[in-house]
Amino acid sequence: MLGRTANGLFWMSRYLERAENTARLIDAGFRMSLTRSTESEDDWDGVLQSAGVRELYAAKYEKLAGADAMDFLMRDKTNPSSVINCLEFGRNNARMVRTALTREAWESINETWLELKTVLAKKVTHATLPDVIDAIKRRVAHMRGAFSGTQLRDELYNFAMLGSFIERADNTARILDVKYYVLLPSLLHVGGSMDNFHWQSILRSVSAFRSYSWVYDAEYKPANIAHFLILNRRMPRSLAFCYEQIASNLAHLARDYGSQISAHETAARTRNMLLTTSIDEIMDKGLHEFLEGFILSNDTLASEISDGYRFYK
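Since we're looking at a predicted model, the values are computed, not measured. (Residues numbered from 1 in each chain as written. Predicted model: local features only at pLDDT ≥ 70, side-chain atom pairs only at ≥ 80, totals over all residues. Heavy atoms only, no water.)

### A short note on the overall build of the protein
Scanning the protein for helices and strands turns up 15 helices and zero strands. Put simply, the protein has 313 residues, and 55% of those count as buried. Just so you have it, the protein exposes about 14000 Å², and 50% of that area is on carbon and sulfur atoms. (Helix = DSSP H or I, 4+ residues; strand = E, 2+ residues; numbered from the N terminus. Buried < 20%, exposed > 50% of the residue type's maximum accessible area, 1.4 Å probe, protein only. Areas by Shrake-Rupley, 256 points an atom, 1.4 Å probe, with all protein chains shown as cover.)

Given below as structure tokens:
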């Protein structure tokens, strides 16, 4: 397999996953903003910070406003991580490696791009945001199902899965980090009803509200929610689950090619950390500090996989 094919599949999956994840990040910020009687800049500042685009936003807008922040994250062409750009980049990478995809996978990706391009042709408002986010999640789920249900489980599949789960782990960490930013002005409310609502909003934004209740009997405790989204290996958007999948796909590549690259060691180290760290240790260290370290480590892994493409030939 040529390195450019691996590269195309890896980034196809990353960008398509990021499109959905950016929508989920917006959803988390929007739900939290509903808890205030008036919109606060802090609500959307945290979302922009967590998305890593605060400086880009500031370069375009003098003031921080919810409507502008939503538009910037959803459909601004100057923001490389906006939903519309991620969908376009993902579709372009899919077109580049079209012969490596099944017909069903390619058609689903192309249809997703065409439908959501129409949905995002006009500015998203607070009133239309829930429907737009639902449309994005629905189309990406359809696309994911078409790919998973028809693609041969070979190295092509492994590279695509690596892109998806690296991106998903990054997003779960960033959504959890929104909680840190939103609470900065109101630390006195920690443990109160507003605090609990914020945690529940995070669960809803990653489609984990009901599954969490099955495990914890609807006791919305911060440590339990953090444990569920970080360390629970059965929760498909948790950091631990993502790294189980990353390690598994890297192991398949190692067996296929008879060799390993530095990414294998980095992934194993992060996976082992998630297996052996307790939620009490994470909370004692500081959730924000833990998530910052995780995001940096995850970025390192992504770079090592990108650099290792020349190995897979």
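Having seen the model, we can carry on.
### Looking at the pattern of salt bridges
Scanning all chains against the criterion turns up 19 salt bridges. A salt bridge links Arg 144 to Glu 20; the nearest nitrogen and oxygen atoms lie 2.6 Å apart. Pair noted here: Arg 144 is in helix 7 (residues 129-150) and Glu 20 is in helix 1 (residues 3-33), with a separation of 124 residues, a long-range link. On the accessibility criterion, Arg 144 (30% relative accessible area) is partly exposed. With a relative accessible area of 2%, Glu 20 lands in the buried category. Each member of the salt-bridge network shares a partner with another, and the members are Glu 17, Glu 20, Arg 24, Arg 144, Arg 168 and Arg 237. (Salt bridge = Lys/Arg side-chain N within 4 Å of Asp/Glu carboxyl O.)

### Side note on the packing of helix 1 against helix 5 (residues 83-96)
The contact between helix 1 and helix 5 brings their axes to 8 Å, and the two run at 155 degrees. Overall, the two elements helix 1 and helix 5 adopt an arrangement that is roughly antiparallel. The handedness of the crossing between helix 1 and helix 5 is left-handed. Packed against helix 1, whose contacting residues are Arg 4, Gly 8, Trp 11, Met 12, Tyr 15, Leu 16, Arg 18, Ala 19, Thr 22 and Ala 23, the element helix 5 presents Val 83, Cys 86, Leu 87, Phe 89, Gly 90, Arg 91, Asn 93, Ala 94 and Met 96 at the interface. Residue composition of the contact of helix 1 with helix 5, by class: twelve nonpolar, four polar and three charged. (Axes fitted to C-alpha atoms, helices over the stretch in contact; angles between N-to-C directions. Parallel < 35°, antiparallel > 145°, perpendicular 65-115°, else oblique. Left-handed = near helix turned anticlockwise from the far one by under 90°. Contact = heavy atoms within 4.5 Å. Nonpolar A, V, L, I, M, F, W, Y, C, P; charged D, E, K, R; others polar.)

### Here we look at unusual backbone geometry
Phi at Ser 207 takes a positive value of approximately 55 degrees, unusual for a residue other than glycine. On the accessibility criterion, Ser 207 (48% relative accessible area) is partly exposed.

### Remarks on the environment of Pro 80
Among the secondary structure elements, Pro 80 is positioned in the loop between helix 4 (66-75) and helix 5. With 27 residues separating them along the chain, Pro 80 and Val 53 place their C-alpha atoms 9.0 Å apart. Not counting residues up to four positions away in its chain, the partners in contact with Pro 80 are Leu 56, Asn 85, Cys 86 and Phe 89.

### Notes on the packing of helix 1 against helix 7
As a packed pair, helix 1 and helix 7 sit with axes 10 Å apart at the nearest point and diverge in direction by 150 degrees. Relative to helix 7, the element helix 1 lies roughly antiparallel. With respect to the hand of their crossing, helix 1 and helix 7 are arranged in left-handed fashion. Where helix 1 approaches helix 7, its residues Met 12, Leu 16, Glu 17, Ala 19, Glu 20, Ala 23, Arg 24, Ile 26, Asp 27 and Phe 30 are matched on the opposing element by Leu 129, Pro 130, Ile 133, Ile 136, Lys 137, Val 140, Met 143, Arg 144 and Phe 147. Its residues assigned to classes, the contact of helix 1 with helix 7 shows 13 nonpolar, no polar and six charged.

### Notes on the side chain of Lys 137
Residue position: Lys 137 is located in helix 7. In this structure Lys 137 touches Glu 20, Arg 24 and Ser 207, once residues within four positions along its chain are discounted.

### A short note on the confidence of the model for the protein
Mean pLDDT over the protein works out to 88, with 89% of the residues at or above the 70 mark. The weakest mean pLDDT in the protein belongs to helix 9 (residues 193-205) at 72; the strongest belongs to helix 5 at 97. Note on residues 183-190: pLDDT under 50 across the span, and six contacts to partners over four residues away in sequence or across chains. (pLDDT = per-residue confidence, 0-100.)

### A word on helix 12 (residues 239-257)
Side chains of residues three or four places apart in an α-helix project in the same direction, reflecting 3.6 residues per turn. The end-to-end C-alpha distance of helix 12, which contains 19 residues, comes to 27 Å, matching closely the 27 Å that a straight helix rising 1.5 Å per residue would cover. Here helix 12 has its buried residues at Leu 239, Ala 240, Phe 241, Cys 242, Tyr 243, Ile 246, Asn 249, Leu 250, Leu 253 and Ala 254. After helix 12 finishes, the residue Gly 258 shows a positive phi value of roughly 70 degrees. (Expected span 1.5 Å × (residues − 1).)

### A word on the nonpolar core
Side chains of nonpolar character tend, in soluble globular proteins, to be buried together. Core analysis: the biggest nonpolar cluster contains 98 residues, and Met 74, Leu 101, Leu 229, Ile 230, Ile 246 and Leu 274 have the highest contact counts within it. When sequence neighbours within four positions are dropped, the list of residues in contact with Ile 246 reads Leu 162, Phe 165, Ile 166, Ala 267 and Leu 301. (Core = buried A, V, L, I, M, F, W, Y, C linked by side-chain atoms within 4.5 Å.)

### Observations regarding the packing of aromatic side chains
Across all of its chains, the model carries twelve aromatic pairs by this definition. Taken together, a centroid distance of 5.2 Å and an interplanar angle of 65 degrees make the contact between Tyr 15 and Phe 89 edge-to-face. Taken together, the positions of Tyr 15 in helix 1 and Phe 89 in helix 5 put the pair 74 residues apart, joining distant regions of the chain. Taking relative accessible area as the criterion, Tyr 15 reaches 18% and is therefore assigned buried. Aromatic pair Tyr 61 and Phe 72: ring centres 6.4 Å apart, planes at 85 degrees, arrangement edge-to-face. With Tyr 61 in the loop between helix 3 (54-60) and helix 4 and Phe 72 in helix 4, this residue pair connects regions lying eleven residues apart in the sequence. Members of the aromatic cluster, each reached through a chain of ring pairs, are Phe 10, Trp 11, Tyr 15 and Phe 89. Just above the ring of Phe 209 sits the side chain of Arg 204; from NZ or CZ to the centre is 3.7 Å. (Phe/Tyr/Trp six-rings, centres within 6.5 Å; stacked < 30°, edge-to-face > 60°. Lys NZ or Arg CZ within 6 Å of the ring centre and 35° of its normal.)

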